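Here are the chains, one letter per residue:
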Amino acid sequence: MKILIAVKQVSVLEEDFELAADGRDIAKDFRSFDLNEWDDYSLEQALLIKEAGAGVEVVVVTVGDDEADAGLRKCLAKGADRAIRAWDDALAGSDPLAIGRVLAKVASREQPDIFFAGVQSSDFAFGSTGLAAAGVLGWPHVAVVSRFELAGDKAVIRRELEGGLEESMEVDLPAVLTIQLGINKPRYASLRGIKQAAALPIEAVSPADLGLAGSDLGEAGSGSRVRRMYLPEKGSAAQLIEGTPAEQAAKLAQIIKTFKGA
Amino acid sequence: MGVSMISAETLVERAARDQDVYAACALYGRVAPPRQARLEPVLFGSRRHRMIVAAFPLAPRALLARLCGDAEPVLARRLARNPALGADELMRLAQGRDSTVLARIAAMEAAPAPLLAVLASHPDPAVREAVAGHRGTPRAQLTLLARDASRAVRLKLAANPMTPDAVLDQLWSSDDLYLNELILQHPQCPLPRLRELQEDPLLAQAQARNHGTPPALLETLARAAAMAVRAAAVRNPMLPQPVAEAAAGDPAARVRRALARRAGLGQEIQQRLAADPDEWVRSWLARNRVIAQPLLHQLATDGAPLVRRAVARQPRCPQPLWPRLAADPHHWVRAGLAYRPDLPPALIEQMAGDSEIDVLAGLARQPCAPPALLQRLAAHPDSDVRRAVIQNPRAPAGVLAVLVEDDYALNRLLLARHPNLDPADRARLLWDPAPQVRFSMHTAWPGLQAS
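Residues numbered from 1 in each chain as written. Chains lettered and ligands numbered in written order. Predicted model: local features only at pLDDT ≥ 70, side-chain atom pairs only at ≥ 80, totals over all residues. Heavy atoms only, no water.

(A) Representation of the overall build of chain A within the structure. Counting its secondary structure elements, chain A contains six helices and eleven strands. With respect to the principal axes defined by its C-alpha atoms, chain A has extents near 60 × 45 × 40 Å. Relative to its 262 residues, chain A shows a buried fraction of 44%. Carbon and sulfur atoms make up 52% of the accessible area of chain A, which totals about 13600 Å². Computed over 29 positive and 40 negative side-chain charges, the inter-centroid distance for chain A is 3 Å. (Helix = DSSP H or I, 4+ residues; strand = E, 2+ residues; numbered from the N terminus. Buried < 20%, exposed > 50% of the residue type's maximum accessible area, 1.4 Å probe, protein only. Areas by Shrake-Rupley, 256 points an atom, 1.4 Å probe, with all protein chains shown as cover. Lys, Arg positive; Asp, Glu negative; His and termini not counted. Charge placed at Lys NZ, Arg CZ, Asp CG, Glu CD.)

Encoded structure:
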């Protein structure tokens, strides 16, 4: 069995930041990077499957420049068998649709039995990259998976819905499943694993290697693009509850009563 | 490389080679100027690293001082929140800054009084608010701020423990309930305000909390209609004991809970509270230092695990009760016992077979825990248990050696400072992948000034 996991090295925003000169992102000096939190859970789910049965290969893939290597090495340190990084400068500005197209090409090449992705990334929170890849592949897909069991060539899963509801379902494999936080308890990378991972190769692939043309990539291949990033002006929609602790508690209680219609 | 070979030069060169800003921060204040110069490109060479240093609360003061003089606005905003800055640096940083930076500086504990005095008349209320809440603001400026147009400034002033009674009296308002609440609970609250019985429950509660409220008025408040007021009065140690003990019959459990926490409870009241239907009342009593030993025997068989745990944690819990508590069916009770600092070796051995993480973590901290048990717990899959071994001051070097490879960075961070860690194992932590571990190790690495 092969499990492919899409991961992302996300930007972690610091306080007192500035926007980039083009006004479309946070300036790089004010960002640190880490593996997307959801991806820790996806990887852990794959590693649990690997540990439960023989002959399971866990492959992680990301779309990003060489700074994304750190995230892949973290996955290798935890126990992933291989890592693939797809990049070309032409991919800059890609939205989830374009990224999903690249991931789908990697999945077509790798032919995994299961394709995990995180429900969303913590920096842009589109929540659609995994499902975009599924759409391109034409594979079954389930979002916000909170419980997973293998049953032969099917997966028995539970997924979260709004209002605290959950839905149980079976899905034929191969399928794309986006994994929710809390489905398991992610492990830490061991020191030995970190040292070993530092020496492991990361396979670099370009869009051309995957058979993608320029029109499939970047803004040209995207359904959306970031026009401007800005701090929203303080408006009447947000109410800052000020005053002493007792005063804030009283105001909060009044708001709750108003919304409850009491 | 041998441990004795790791010199200042080696550490500095490696920090420079790896562009390790945290190791460089740790080393900067501990090496001679020529080596400091070698570290400066790491610390100041890129905007990104300057930003990291400016916000790093453990950075040496001398290093931050270098950034204060010509800091760009966003760097200044970071520096202005860094608690490592001293008065001189804050004074320099304040020169020509906008009100966002000045408000942050005025909120820093190290902000010097002369600067606060100047900022007290700043046109931006956010700056004056920070000044009004600062313990170091001169009295003259606190008096000035009592007439401030901004209510937020006056609230900060009323909450500042250094605000004198005359200023608090001046702040008293005929129509601001919440401002008056702050004044009534202030340790410097003017006595005439405390002598006057407040009818509003919020104000009466603040009055009941204040240790300066006259006992006669506290007696009245202890009989107030509002439960919160009665509970606050009973918690107040200045309430005469006989009046407080009358609360044993109070219909509100919250009031009786307050009573169960009081010092100096008489035997009869203790017995009454030990039979209270509310388990929190019994639990607070079991943790009270004045509780009689026979009552601890009684509460050790209480039906509520919360109460039995309180008995297990009671410093005066009689030793004959310990074996029973060690075998309690509820793990939270056993954990309460396992964390006692005076647990004897025989009981540690008895409890060593427990499978509950909380119990094992308690045992792992025991100075008398046998090395074989610590060795086993050092390999436990739960990081909390392993961390507890690291927190054991008597954990031997052989046990600690295993934990140098611990998966959890926080555990390695704590391990770095353990006095029993073998020097060779300590040296391995110098190159740890976690920056906080490396920083800690470089900060504490011995012999740098001499090398």
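Having seen the model, we can carry on.
(B) Looking closely at the overall build of chain B. Scanning chain B for helices and strands turns up 34 helices and zero strands. Its C-alpha radius of gyration of 29 Å places chain B more than 25% over the 22 Å reference for a compact globule of 451 residues. Projecting the C-alpha coordinates of chain B onto the three principal axes gives extents of approximately 75 × 65 × 30 Å. The buried share among the 451 residues of chain B stands at 53%. Looking at chain B alone, contacts between residues at least 24 apart form 43% of all its contacts between residues at least 6 apart. Only carbon and sulfur atoms are counted for the fraction: they give 54% of the accessible area of chain B, which is about 19800 Å². Side-chain charges of chain B comprise 55 positive and 44 negative groups, with the mean position of each set lying 2 Å from the other. (Rg over C-alpha atoms; globule rule 2.2 N^0.38 Å. Contact = heavy atoms within 4.5 Å.)

(C) Representation of the packing of helix α16 (residues 201-209) of chain B against helix α18 (residues 227-235) of chain B. All names here are of chain B. Relative orientation of the contacting elements α16 and α18 amounts to 10 degrees, with a least axis distance of 8 Å. For the element pair α16 / α18, the angle class is roughly parallel. Touching Pro201, Ala204, Gln205, Ala208 and Arg209 of α16 are Ala228, Val229, Ala232 and Ala233, all from α18. For the contact of α16 with α18, a count of residues per class yields seven nonpolar, one polar and one charged. (Axes fitted to C-alpha atoms, helices over the stretch in contact; angles between N-to-C directions. Parallel < 35°, antiparallel > 145°, perpendicular 65-115°, else oblique. Nonpolar A, V, L, I, M, F, W, Y, C, P; charged D, E, K, R; others polar.)

(D) Layout of the packing of aromatic side chains. Applying the stated rule across the entire model yields five aromatic pairs over all chains. With a centroid separation of 5.2 Å and 85 degrees between ring planes, the pair formed by Tyr22 of chain B and Phe56 of chain B is classed as edge-to-face. Of the two residues, Tyr22 of chain B sits in helix α2 (residues 21-28) while Phe56 of chain B sits in the loop between α4 (47-55) and α5 (61-68), which places them 34 residues apart along the sequence. Residue classification places Tyr22 of chain B among the partly exposed positions, given a relative accessible area of 26%. Judged by its relative accessible area of 12%, Phe56 of chain B falls in the buried class. An aromatic cluster of at least three residues, connected via ring pairs, comprises Tyr22, Phe56 and Phe439 of chain B. Sitting over the ring of Tyr230 of chain A, Arg228 of chain A keeps its end group 4.1 Å from the ring centre. One cation-aromatic arrangement involves Arg261 of chain B over Trp284 of chain B; the distance from NZ or CZ to the ring centre is 3.8 Å. (Phe/Tyr/Trp six-rings, centres within 6.5 Å; stacked < 30°, edge-to-face > 60°. Lys NZ or Arg CZ within 6 Å of the ring centre and 35° of its normal.)

(E) Molecular detail of the packing of helix α20 (residues 253-260) of chain B against helix α22 (residues 279-287) of chain B. All names here are of chain B. Running from amino to carboxyl end, α20 crosses α22 at an angle of 10 degrees, the nearest separation of the two axes being 8 Å. When the axis of α20 is compared with that of α22, the two are roughly parallel. Counting all contacts with α20, which are made through Ala253, Arg256, Arg257 and Ala260, the residues of α22 involved are Trp280, Val281, Trp284 and Leu285. By residue class, the composition of the contact of α20 with α22 is six nonpolar, no polar and two charged.

(F) Region of the structure containing helix α32 (residues 409-416) of chain B. Restricting attention to buried positions, one finds in α32 of chain B the residues Ala409, Asn411, Arg412, Leu415 and Ala416 of chain B. In an axial view of α32 of chain B, the angular spread of the buried residues amounts to 155 degrees, which keeps them on one side of the axis. Structurally, α32 of chain B contributes buried residues whose contacts are with α5 (191-198) of chain A together with α30 (383-390), α31 (397-403), α33 (423-429) and α34 (435-444) of chain B. (Arc of directions from axis to C-beta.)

(G) Spatial organisation of the environment of Ala444 of chain B. Residue and element names in this part refer to chain B. Tracing the backbone shows Ala444 in helix α34. Judged by its relative accessible area of 42%, Ala444 is partly exposed. Not counting chain neighbours up to four residues away, the residues in contact with Ala444 comprise Arg30 and Arg417.

(H) Broad picture of unusual backbone geometry. All names here are of chain A. The omega angle of the peptide bond from Leu173 to Pro174 is 5 degrees, so this bond is cis rather than trans. Along the polypeptide, Pro174 turns up in the loop between β9 (166-172) and β10 (175-179). The residue Asp16 is not glycine, and still its phi comes out positive at about 55 degrees. The phi dihedral of Gln111 is positive, around 50 degrees, even though this residue is not glycine. Along the chain, Gln111 turns up in the loop between α3 (96-110) and β6 (114-118). On the accessibility criterion, Gln111 (53% relative accessible area) is exposed.

(I) Structural view of the pattern of salt bridges. Residues and elements named next belong to chain B. Under the criterion given, the structure shown has 53 salt bridges over all chains. The closest approach of N and O atoms between Asp20 and Arg438, which form a salt bridge, is 2.5 Å. With a gap of 418 residues between them, Asp20 in the loop between α1 (8-18) and α2 and Arg438 in helix α34 connect regions that are remote in the sequence. Both residues of the pair, Asp20 and Arg438, belong to the buried class. Measuring nitrogen to oxygen at the nearest pair gives 2.6 Å for the salt bridge that ties Asp302 to Arg282. Of this pair, Asp302 sits in the loop between α23 (293-299) and α24 (305-313) while Arg282 sits in helix α22; the two residues are 20 residues apart in sequence, bridging distant segments of the chain. Taking relative accessible area as the criterion, Asp302 reaches 12% and is therefore assigned buried. (Salt bridge = Lys/Arg side-chain N within 4 Å of Asp/Glu carboxyl O.)

(J) Local environment of the interface of chain B and chain A. Listed by partner, the interface residues are 24 residues for chain B and 22 residues for chain A. The partner of Glu15 of chain A in a salt bridge is Arg81 of chain B, with the nearest N and O atoms 2.9 Å apart. Where chain B touches chain A, the interface holds eleven residue pairs in polar contact (both at pLDDT 80 or more). Its residues placed into classes, the side of chain B that touches chain A shows nine nonpolar, no polar and 15 charged. (Polar contact = N/O pair within 3.5 Å; in protein donor to acceptor, adjacent residues only side chain to side chain.)

(K) Representation of the environment of Gln198 of chain B. All names here are of chain B. Of note, Gln198 is situated in the loop between α15 (191-195) and α16. Through-space distance from the C-alpha of Gln198 to that of Leu221 is 9.3 Å; in sequence the pair is 23 residues apart. The residues contacting Gln198, other than those within four sequence positions of it, are Trp172, Leu184, Arg193, Leu203, Ala204 and Gln207.

(L) Quick look at the pairing of β6 of chain A. Residue and element names in this part refer to chain A. Within β6, five of the five residues are buried, which leaves the element mostly enclosed by the surrounding structure. Alternating residues of β6 divide into Ile114, Phe116 and Gly118 and Phe115 and Ala117, and every residue in both groups is buried. Strand direction decides the pairing type here: strand β1 (residues 2-6) and β6, joined by four bridges, are parallel. Bridge pairing in β6 links Ile5 to Phe116. Summarising the sheet, β6 and β10 pair through five bridges and their orientation is parallel. From the neighbouring strand, Ile114 faces β10, where its bridge partner is Ala175. (Pairing = 2+ DSSP bridges.)

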